[in-house]
Structure formats: C-alpha cells, structure tokens
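# Coordinate inspection notes
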Amino acid sequence: MLARFLKSISYCEYINVVLVTFANLFYMLKYFLSTLSLFALPMASAFAQSQIINGGSGHAVALCGKGQIFAWGLNKSNSLCLADEGADSIVAVPSLVNTGNITFTQVNGGSGDHSVALSCWGTVYCWGANDNGQCGEAPSKYSSGKMPIPVPKGETEGYNLDGTVGGDYLGNVKMVAATSGASLALLNDGCCVYWGGTDKRLPGNAFVENTETPKYIVDENGDRLKNIIFVAGGDNGIMLIVGDSKDAKVGTLYSMGTYNGRGGDGNSKSCYPAPVEIGDGSGTKSSGEYLTNVKTCAYSDAGAMAVDADGQVYAWGNNGWWGVCGLTSMYPASSITYAEKVTSGEQKERTGEAFLTNVIQVIGGNGSATALAKDGSVLYWGSNTGAKKGGTSGGVIPNSDYATTQNTTMVGPVFANYCAGEHGNEKETRIDDAVAIGGGDLFGFVIDKAGDYYVWGTTEVPGGMGNAGTLGTGNVAEISTCLKKIEMPCETQDRYPEADLRGPRYKCPGSRDTLDCGFEPYYGTIFSNGVKMALC
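Since this is a predicted model, take the numbers as computed values, not measurements.

## Description of the overall build of the protein chain
In terms of regular secondary structure, the protein chain is built from three helices and 40 strands. Burial statistics for the protein chain: of 536 residues in total, 60% are counted as buried. Across the protein chain, the fraction of contacts at a sequence separation of at least 24, relative to all contacts at a separation of at least 6, is 57%. As displayed, the protein chain offers around 19,900 Å² of accessible surface, 47% of which is attributable to carbon and sulfur atoms.

## Some thoughts on the environment of Asn 407
Along the polypeptide, Asn 407 turns up in the loop between strand 29 (378–382) and strand 30 (414–415). In this structure the C-alpha to C-alpha distance between Asn 407 and Gly 323, which are 84 residues apart in sequence, comes to 8.0 Å. When near neighbours in sequence (up to four residues on either side) are disregarded, Asn 407 contacts Trp 321, Gly 382, Ser 383 and Asn 384. Polar side-chain contacts of Asn 407 include one of 2.6 Å to the side chain of Thr 409.

## Some words on the packing of aromatic side chains
One pass over the structure, following the stated rule, counts six aromatic pairs. Aromatic side chains Tyr 380 and Trp 456 sit 6.4 Å apart centroid to centroid with 85° between the ring planes, which places their arrangement in the edge-to-face category. In this pair, Tyr 380 sits in strand 29 while Trp 456 sits in strand 35 (residues 453–458), placing the two residues 76 residues apart along the sequence. Through a chain of ring-to-ring contacts, three or more aromatic side chains come together here, namely Trp 72, Phe 443 and Phe 445. A cation sits over an aromatic face here: Arg 224 above Tyr 216, 3.7 Å from the ring centre.

## Let's talk about unusual backbone geometry
A positive phi angle, near 60°, is found at Asn 172, a position not held by glycine. Along the polypeptide, Asn 172 turns up in the loop between strand 12 (149–150) and strand 13 (173–178). The partly exposed category is assigned to Asn 172, whose relative accessible area is 30%. The residue Asn 293 is not glycine, and still its phi comes out positive at about 60°. Within the secondary structure layout, Asn 293 lies in the loop between strand 22 (286–290) and strand 23 (294–300). Residue Asn 293 is classed as partly exposed on the basis of its relative accessible area, which comes to 33%.

## Here we look at empty space enclosed by the protein
Overall, the coordinates contain three cavities of 30 Å³ or more when judged by the stated rule. There is about 490 Å³ of room inside the largest cavity. Taken together, 38 residues line the largest cavity, and the ones lying closest to its centre are Asn 108, Gly 233, Ala 298, Tyr 299 and Ile 363. A per-element tally of the lining of the largest cavity places strand 23 first, with five residues. Partitioning the lining of the largest cavity into residue classes produces 16 nonpolar, 19 polar and three charged. Size it by volume and the second largest cavity reaches roughly 90 Å³.

## Some words on the environment of Ala 369
Relative to the helices and strands, Ala 369 resides in strand 28 (residues 368–373). Judged by relative accessible area, which is 0%, Ala 369 ranks as buried. Residues Ala 369 and Met 305 lie 64 residues apart in sequence; the distance between their C-alpha atoms is 7.9 Å. Look past the residues within four positions of Ala 369 in its chain and what remains in contact with it is Met 305, Trp 322, Ile 363, Gly 364, Leu 379, Tyr 380 and Trp 381.

## Examining the confidence of the model for the protein chain
It should be kept in mind that the predicted coordinates are not to be read in detail where pLDDT is low. Predicted confidence across the protein chain gives a mean pLDDT of 85, with 81% of residues reaching 70 or more. For the stretch residues 1–11, pLDDT sits under 50, and the model shows 41 contacts to residues farther than four places along the chain or on other chains. Predicted confidence for residues 518–522 stays below pLDDT 50, and this span has 22 contacts to residues more than four positions away or in other chains.

## A word on the state of the cysteines
For the coordinates displayed, the defined rule picks out two disulfides. The residue that forms a disulfide with Cys 64 is Cys 490, at a sulfur-sulfur distance of 1.8 Å. The sign of the S-S torsion, about -50°, decides the handedness of the disulfide formed by Cys 64 and Cys 490: left-handed. One end of the pair, Cys 64, is in the loop between strand 6 (59–63) and strand 7 (69–74); the other, Cys 490, is in the loop between strand 36 (479–486) and strand 37 (498–501), and 426 residues separate them in sequence. Covalent S-S linkage joins Cys 419 and Cys 482, the inter-sulfur distance amounting to 2.0 Å. Between Cys 419 and Cys 482, the S-S dihedral sits near 100°, and the bridge is therefore right-handed. Taken as a pair, Cys 419 in the loop between strand 31 (417–418) and strand 32 (429–430) and Cys 482 in strand 36 lie far apart in primary sequence, 63 residues in all. Accessibility classification places Cys 419 together with Cys 482 in one group, the buried group.

## Notes on the nonpolar core
Membership of the largest hydrophobic core comes to 57 residues, with the highest contact counts inside it found for Val 231, Leu 240, Leu 253, Leu 291, Trp 316 and Trp 381. Setting aside its immediate chain neighbours within four residues, Leu 253 contacts Met 239, Leu 240, Ile 241, Ala 274, Pro 275, Val 276, Leu 291, Val 294, Cys 297, Ala 306 and Trp 316.

Criteria and cut-off values
- Residues numbered from 1 in each chain as written.
- Predicted model: local features only at pLDDT ≥ 70, side-chain atom pairs only at ≥ 80, totals over all residues.
- Heavy atoms only, no water.
- Helix = DSSP H or I, 4+ residues; strand = E, 2+ residues; numbered from the N terminus.
- Buried < 20%, exposed > 50% of the residue type's maximum accessible area, 1.4 Å probe, protein only.
- Contact = heavy atoms within 4.5 Å.
- Areas by Shrake-Rupley, 256 points an atom, 1.4 Å probe, with all protein chains shown as cover.
- Polar contact = N/O pair within 3.5 Å; in protein donor to acceptor, adjacent residues only side chain to side chain.
- Phe/Tyr/Trp six-rings, centres within 6.5 Å; stacked < 30°, edge-to-face > 60°.
- Lys NZ or Arg CZ within 6 Å of the ring centre and 35° of its normal.
- 1 Å grid on protein atoms, 1.4 Å probe; cavity = no way out; pocket = protein on both sides within 12 Å on 5 of 7 lines; lining within 4 Å.
- Points joined across faces, edges and corners; volume = space filled by probe spheres on them.
- Nonpolar A, V, L, I, M, F, W, Y, C, P; charged D, E, K, R; others polar.
- pLDDT = per-residue confidence, 0-100.
- Disulfide = S-S within 2.5 Å.
- Core = buried A, V, L, I, M, F, W, Y, C linked by side-chain atoms within 4.5 Å.

Following this line, the structure appears as structure tokens:
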C-alpha cells in the first residue's frame with residue numbers, strides 16, 4: 001500500500017512512506033480490518049534534522065517550513081543578518097534573515113557570534129563574526145554585511161551555488177556545525193572540513209592551524225578522517241562520530257580540542273582527532289575502552305555529552321561547577337576527564353534505572369545539558385545561576401520547583417515543565433510531547449508535536465554584556481524558569497509527521513508484518529482504529 005506524508009518534514013525534502021511486507025514487527029492475534037496511522041518521533045541522527053532552532057552566545061536562529069531563517073537577540077557583528085538593523089542592536093522577536101531567494105535545510109548558531117547554514121542545494125552560507133575567518137573570508141577583507149555569504153570551496157572539489165559540480169563554492173554537504181571561532185561541514189563522502197580556527201579568547205586548542213577557506217580534518221599522520229556520520233562543535237572543541245561506512249547509523253566518538261574525554265592529553269595532541277575513552281567509574285581514570293555505538297553528541301561550554309544507540313548518555317567536563325554527569329555524590333571529582341554515564345535523577349521514578357536511558361537527543365548550554373527522551377519528556381541538569389537577576393553564566397533550570405536551587409548536583413537531571421497557561425493547563429505541567437530540543441548559552445528550546453516552539457532561560461548574555469532579548473518573546477530582559485511559547489511569524493517545520501497506512505489489510509493469526517516507513521531516523525507509534533498498538 002502507498003502512504004504519503006500529510007505534511008512534509010522539510011521544504012527541501014519530500015518523502016514517501018512505503019508499506020512493505022516482511023516478517024518482523026508485531027503479531028496479529030486475530031483477523032482484522034482497520035486503518036493504521038503512524039506518527040513519527042525524530043531520532044537525533046547523522047541527518048541532523050535537529051538543526052532547526054538553536055543559538056550561540058547572544059543570538060538565536062530558527063528554520064521555518066518554507067526554508068526561511070529567522071533570528072533574534074544581540075546583533076553583534078551583524079550576527080542576525082537583518083536588512084534593517086544596525087550592528088549591536090537588540091531584536092527581541094524572531095525576524096526574517098535577509099537570505100534573498102535562498103532556502104535552507106539546516107541552520108546552526110554556533111557557540112559565539114556567527115551562524116552557518118546549509119542551503120537546499122547542499123551549499124553553505126555564513127554570516128556574523130569573522131575574526132578567525134569562520135565565515136570563509138580573510139578578516140581584513142570581510143564585511144559583515146546584511147546578506148549571508150557563500151563559503152568558498154577551499155580544498156574540496158567545488159560546486160556552483162545551485163549544487164552542480166564545477167564551481168568555486170563548498171558543496172555536496174549534508175550537515176553543518178560551528179564552534180566559537182570556526183565552522184564545519186560534513187560532506188556526503190564522509191569527510192569533514194573546517195574553516196576559521198581556535199578562538200584565542202578561550203582555553204584550549206582545537207585546530208592545527210587557522211584557515212580562511214575549508215580544509216579537511218586530518219589525523220596525526222595527515223590522512224583525512226573518513227566515514228564521519230555526525231559532527232558537533234563547542235567553544236573550542238569538536239566531536240565527530242566515525243562509523244564503519246559513511247552511511248552508518250552509529251560509530252565511535254572522536255574528539256578534538258577542549259573537554260575531549262581523552263584524559264586531558266594536552267594541546268600537542270588535542271588538535272588531532274582521537275577516540276573518546278570510557279571511564280572506570282571514577283571519572284579520572286580510563287577503562288581502556290573507546291566510546292562506541294554512539295548516535296549523537298553535543299557540547300556545553302564546560303563539558304561534552306554523547307548518546308549511544310541504547311539511549312544511554314555519557315558526559316565529561318567541569319564537574320565541580322555544574323555536575324556534568326548528574327549526581328556529584330556518585331562522581332565527586334571536580335573534573336571528569338573520561339566519559340561516564342549520566343545519573344538518572346528524576347527519570348528514575350519512571351524507569352527504575354540508576355542512569356539516564358531512552359534518550360534520543362542531547363544539547364549543551366553554558367553550564368548545563370538537556371536531554372530529550374523517547375517518551376517526549378525533557379530532562380535538564382546543571383547550573384541555575386542564570387535564574388537570579390543579573391546572572392550571566394551557568395543556566396536556568398526549566399522547572400519552577402527548583403527556582404532557588406543553585407544547581408542540580410544533589411538531585412541529578414530534573415524534568416522540564418511547561419509554564420502555567422501553556423497547552424491549556426492551569427498549572428505548570430511536565431513536558432511529555434517534545435519531539436526536538438535546541439539551545440544557546442543561557443537559553444533552550446523545545447519543539448512539540450504540534451510544531452510549536454517553546455523557550456526557557458534568561459536573556460542575559462555571558463560576559464556581562466547585558467540583556468539581549470534572546471528568548472524571542474518580545475522582552476529584552478526576562479528570566480523564565482519554565483517553558484513558554486514563542487510566536488513564530490512563519491509556518492514551522494513539521495517535526496511530527498503523520499502517515500496514513502490505508503487498508504483493508506487482512507491478517508491471519510500468528511502472522512507478522514513490517515511497516516517500513518521509509519524515514520529511518522524516526523521512531524514510530526502504531527495506532528489501530530485509534531488504539532495504540534506499538535512503539536517502534
């Protein structure tokens with residue numbers, strides 16, 4: 001039977017859902033005639049479909065359903081790329097980025113004051129700060145104008161802006177990411193390039209050299225790192241998931257730069273990629289095993305996190321400040337230098353497990369981390385110093401029960417809540433319908449099943465730069481200890497696509513069917529005549 005999306009996931013991509021019969025998914029206990037519906041929940045994967053809403057230090061960006069990009073916050077170095085706003089102005093509501101007729105499939109606000117975006121033709125554009133060449137031009141020649149600029153090809157083959165081979169620009173890209181001082185592009189051939197470099201204002205060394213045009217990421221022998229399926233950037237750090245092939249779904253986690261999960265092997269080696277090592281439970285000694293079977297990863301400003309195919313979360317970094325692995329009673333060391341499992345905190349009441357599980361996406365903030373679980377819940381762990389007026393570091397716990405708590409180190413990850421009045425609830429209510437998360441330094445976002453965007457955090461910009469309207473609610477100065485809706489002036493992307501698998505379908509007792517939805521980076525919930533049958 002042919003089934004198709006009722007609404008497309010992306011402006012750039014239309015996907016048919018195909019129903020095929022193999023033998024695998026579920027038993028039918030009796031004959032039935034029914035209409036099946038499949039609702040898809042996104043997994044974090046190498047396809048980077050989480051690159052919809054996020055932010056840097058003082059600005060935020062969001063991708064809408066027709067490929068437009070909206071931005072808000074502090075327009076430092078024209079990081080918002082708006083046609084009618086001057087540099088260093090503050091814009092407190094989502095405003096249309098001046099992209100002309102270019103449409104995009106991904107956008108990443110990095111960890112500083114520039115953004116990088118992937119067009120529907122696989123070419124890459126940048127705007128904002130360029131002090132390291134992170135927008136693909138020499139700083140002396142760069143004008144942070146009010147239009148995104150295409151990134152030159154550098155060492156790569158070269159493409160035209162329409163995605164055809166033979167031009168002068170970086171193309172054939174499937175994912176983009178950014179650090180504070182560099183941009184990154186994962187190519188369809190499984191290699192990764194960077195341009196820009198180490199931000200000298202921050203500790204650590206992520207790159208062998210700074211460059212104004214794309215260069216391949218190489219190992220200590222000068223060979224290109226291959227079969228990369230995912231890339232993430234932090235302040236001065238990079239993580240890359242390396243699979244058995246360029247089309248693999250999971251792989252071994254490699255790192256470069258600060259908080260590399262390799263025991264702190266110093267600047268001489270940190271600028272080359274090497275595998276992250278699993279700790280022995282103490283956080284300060286290696287077990288001798290590499291972190292494998294990883295499907296996604298993320299940085300905070302003071303640590304890093306990774307999720308494996310079983311939904312377990314590993315983390316490492318500055319533990320004394322914000323409890324990078326959850327409970328500091330389990331991990332008392334002030335610095336976790338190898339990957340350790342994150343404790344479950346409040347999730348334990350649902351799972352009974354000592355460590356976080358069933359996680360499909362993780363993001364980092366200035367001194368915090370947030371995880372999205374398969375059941376639609378969102379869990380936060382880390383600092384709460386941003387919840388105080390004038391707080392310019394750490395983060396904000398998105399749960400008002402912890403409004404006066406300094407951090408979550410005594411309780412571990414806590415559930416995030418919608419504010420009172422949201423979703424028709426009179427009281428603050430636990431989130432149970434999230435399908436994607438994103439964030440910046442001191443603020444975070446949730447996308448729900450309806451495709452609406454929600455925000456929590458503070459509008460303060462780290463470094464004492466004042467309030468900048470980064471929550472996007474219209475208020476220049478605001479602190480929100482729960483999630484409130486952002487009014488987006490566009491049709492948002494469908495993060496919860498629905499497919500009707502039409503009958504009639506007659507099944508014999510004991511027989512099996514497999515429903516192949518055709519969009520593998522998603523979990524699905526199967527309903528028969530409105531009754532939930534399976535989560536797959």
